[in-house]
Amino acid sequence: MYTTSGIKTPYYLYDLDILHNTLTMAVNAASAHGYQIHYAIKANHNPIITRIISEYGMGADCVSGNEVSEALHRGFPTEKIVYAGVGKGDEEILQALANDIFCFNVESLEELQVIDELAGQQGTIARVALRVNPDVYANTHKYITTGLEENKFGIQRSQLREALDFCLQSDRLDFMGLHFHIGSQITDMMPFEKLCERVNEIWEEFEISATGARILNLGGGLGVNYADPVNNAYPDFESFFNVFARHLKIPQHVDVHFELGRSLVAQCGSLITRVLYTKKGVQKDFVVTDAGMTELMRPSLYQALHKIENLTNLNGEESQYDVVGPVCESSDVFGKNVNLPETRRGDLLAIRSCGAYAESMMLRYNMRTRAKSHFLSKGEISTVCHKEQRNGFAKPIRVSMSN
Ligand SMILES: *Cc1c(COP(=O)(O)O)cnc(C)c1O
């Protein structure tokens, strides 16, 4: 287990070996079909993580102008940067045009008109893909479904003809193809199969082949195992890509892209926190940790469950606790009725699967101090870390492992 004396809690601890293994598996599984992966930077924009990912030859999927800048800064090549989001600001669009990014994933007719106009002003041509709302149910938490008619994302099928015609008639827009993203934390392959059927249908109905389309971007969404991360550190990338290889019916020459976030980084991170207090409740006891929703928002935002372990007392007799944070919100709860070995003030807890949507969602609410990140590797700390260290980013530390 980790011995971490002297490090200020709470902090994010990243296991770079898990990260490297995950990236290798994902790249191998994708290249078996000639698919390309763009890393969805919003999952984790820690500079050490993004630098490592860029070294695997992936592109970057960005959802803000700052993410585009960050991607460029961390070594993602400009010809592999895509930019999605329902609310791209004019400044952000101009900046992406100036950087000549690979493709805008456009989410409305009005946005398309604005990009056309701004490209005209800059005397440049914007490469665009149209994000289509495929109305596919992703069978995940309602806050992370994105591909239903009622969601704000993408262009409705009823507006697609008009958007396509606009693209094809404009000489300032280069129509690249279609983009889809149906949601996140999807562990059942059925929604992805449905997505393929919907894509085939749309491709045919709108005669996309005749438009000279070159890419099909299918977004991300592959889920991870939050209940048992230790025995399921690696998502089944092969099964995921196989679904698409089996069910897509689009022309061979079209490049197929994916935008994976969570599945690449979730399992390499833990949030390490110290128990500040324990107290008796009416029916159960509380464990109050020094980490809160400010360091891991997923439980309060999506009722997400994360595996919690007591690193100080690994094998004691178990009791049930509500594990809660210090923030002044009743939703600041990491888990209710969690079975843990007897837990006392001062114990270190690990909250697992915090590599995605934890550090990147950090809040300053209650004027909380920003938690730091530390990096763990069985071998040497990678040279990447040392490089970043010299540039003044989070310092990698050696954390010794016993057992
Ligand atoms: C968030 C997002 C992704 C990544 O989703 P994951 O579930 O983390 O894989 C991909 N594409 C778009 C457009 C996104 O907004």
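Residues numbered from 1 in each chain as written. Predicted model: local features only at pLDDT ≥ 70, side-chain atom pairs only at ≥ 80, totals over all residues. Heavy atoms only, no water.

Here we come to the confidence of the model for the protein chain. Per-chain confidence: the protein chain averages 92 in pLDDT, with 93% of residues scoring 70 or above. For residues 380–403, every residue scores under 50 in pLDDT, and the model assigns this stretch 46 contacts once sequence neighbours within four places are set aside. (pLDDT = per-residue confidence, 0-100. Contact = heavy atoms within 4.5 Å.)

In this section: the pairing of strand 11 (residues 285–289). Where strand 10 (residues 269–280) and strand 11 come together, five bridges link them in antiparallel fashion. From the neighbouring strand, Tyr-277 faces strand 11, where its bridge partner is Val-288. Connecting strand 10 to the next strand, strand 11, in antiparallel fashion are four residues. (Pairing = 2+ DSSP bridges. Helix = DSSP H or I, 4+ residues; strand = E, 2+ residues; numbered from the N terminus.)

The eight strands lie next to each other as 2-3-4-5-6-7-8-9, forming a closed barrel whose pairing is parallel. Taken pair by pair, the neighbouring strands of this sheet meet at an average axis angle of 30°, ignoring direction. (Axes fitted to C-alpha atoms, helices over the stretch in contact; angles between N-to-C directions.)

Splitting the protein chain by domain gives domain 1 (3–13 + 267–391) and domain 2 (32–260). The centre of domain 1, based on its C-alpha atoms, is set 32 Å off from the matching centre of domain 2. With 22 residues of domain 1 at the interface, the matching set in domain 2 holds 24 residues. Counting every contact that joins domain 1 to domain 2 gives zero salt bridges. Between domain 1 and domain 2 we count eight residue pairs in polar contact (both at pLDDT 80 or more) in total. (Domains from an automatic or database assignment. Salt bridge = Lys/Arg side-chain N within 4 Å of Asp/Glu carboxyl O. Polar contact = N/O pair within 3.5 Å; in protein donor to acceptor, adjacent residues only side chain to side chain.)

We now examine helix 7 (residues 190–205). If you check helix 7, its first and last C-alpha atoms are 23 Å apart, about what 16 residues at 1.5 Å a residue would give, namely 22 Å. All of the buried residues along helix 7 are Pro-191, Phe-192, Leu-195, Cys-196, Val-199, Asn-200, Ile-202 and Trp-203. Along its buried surface, helix 7 packs onto helix 6 (157–169), strand 7 (173–179), strand 8 (215–217) and helix 8 (237–247). Immediately downstream of helix 7, the backbone of Glu-207 shows phi near 45°, a positive value. (Expected span 1.5 Å × (residues − 1). Buried < 20%, exposed > 50% of the residue type's maximum accessible area, 1.4 Å probe, protein only.)

Glancing now at the environment of Asp-15. Mapped onto the fold, Asp-15 is located in strand 1 (residues 11–15). C-alpha separation for the pair Asp-15 and Phe-175, spaced 160 residues apart in sequence, amounts to 40 Å. The contact partners of Asp-15, leaving out residues within four places of it in the chain, are Cys-268 and Leu-376.

It is worth spelling out the pattern of salt bridges at this point. All told, the structure shown has 13 salt bridges when counted by the stated rule. The partner of Arg-131 in a salt bridge is Glu-107, with the nearest N and O atoms 2.9 Å apart. Here Arg-131 is found in strand 6 (residues 126–131), whereas its partner Glu-107 is found in the loop between strand 5 (103–106) and helix 5 (109–122), with 24 residues between them in sequence. This pair shows no difference in class: Arg-131 is buried, exactly as Glu-107 is. A network of salt bridges, in which partner residues are shared, links Arg-157, Arg-198, Glu-201 and Glu-205.

Before going further, it helps to spend a moment on the site of the ligand. Around the ligand lies a shell of 15 residues, among which Lys-42, Ser-184, Glu-259, Arg-262 and Tyr-357 are the nearest. In this structure, Asp-61 approaches the ligand through a side-chain N or O atom, which is 3.2 Å from a nitrogen atom. When isolated, the ligand has an accessible area of 380 Å², and the protein chains bury 95% of it. A breakdown of the residues in the shell around the ligand according to their chemical character gives four nonpolar, six polar and five charged. (Near = heavy atom within 4 Å. Areas by Shrake-Rupley, 256 points an atom, 1.4 Å probe, with all protein chains shown as cover. Nonpolar A, V, L, I, M, F, W, Y, C, P; charged D, E, K, R; others polar.)

With that settled, consider the environment of Leu-23. As for its placement among the helices and strands, Leu-23 is situated in helix 1 (residues 16–31). Considered as a pair, Leu-23 and Met-58 are 35 residues apart in the sequence and their alpha carbons are 9.5 Å apart. When sequence neighbours within four positions are dropped, the list of residues in contact with Leu-23 reads Ile-52, Ile-53, Tyr-56, Met-58 and Leu-264.

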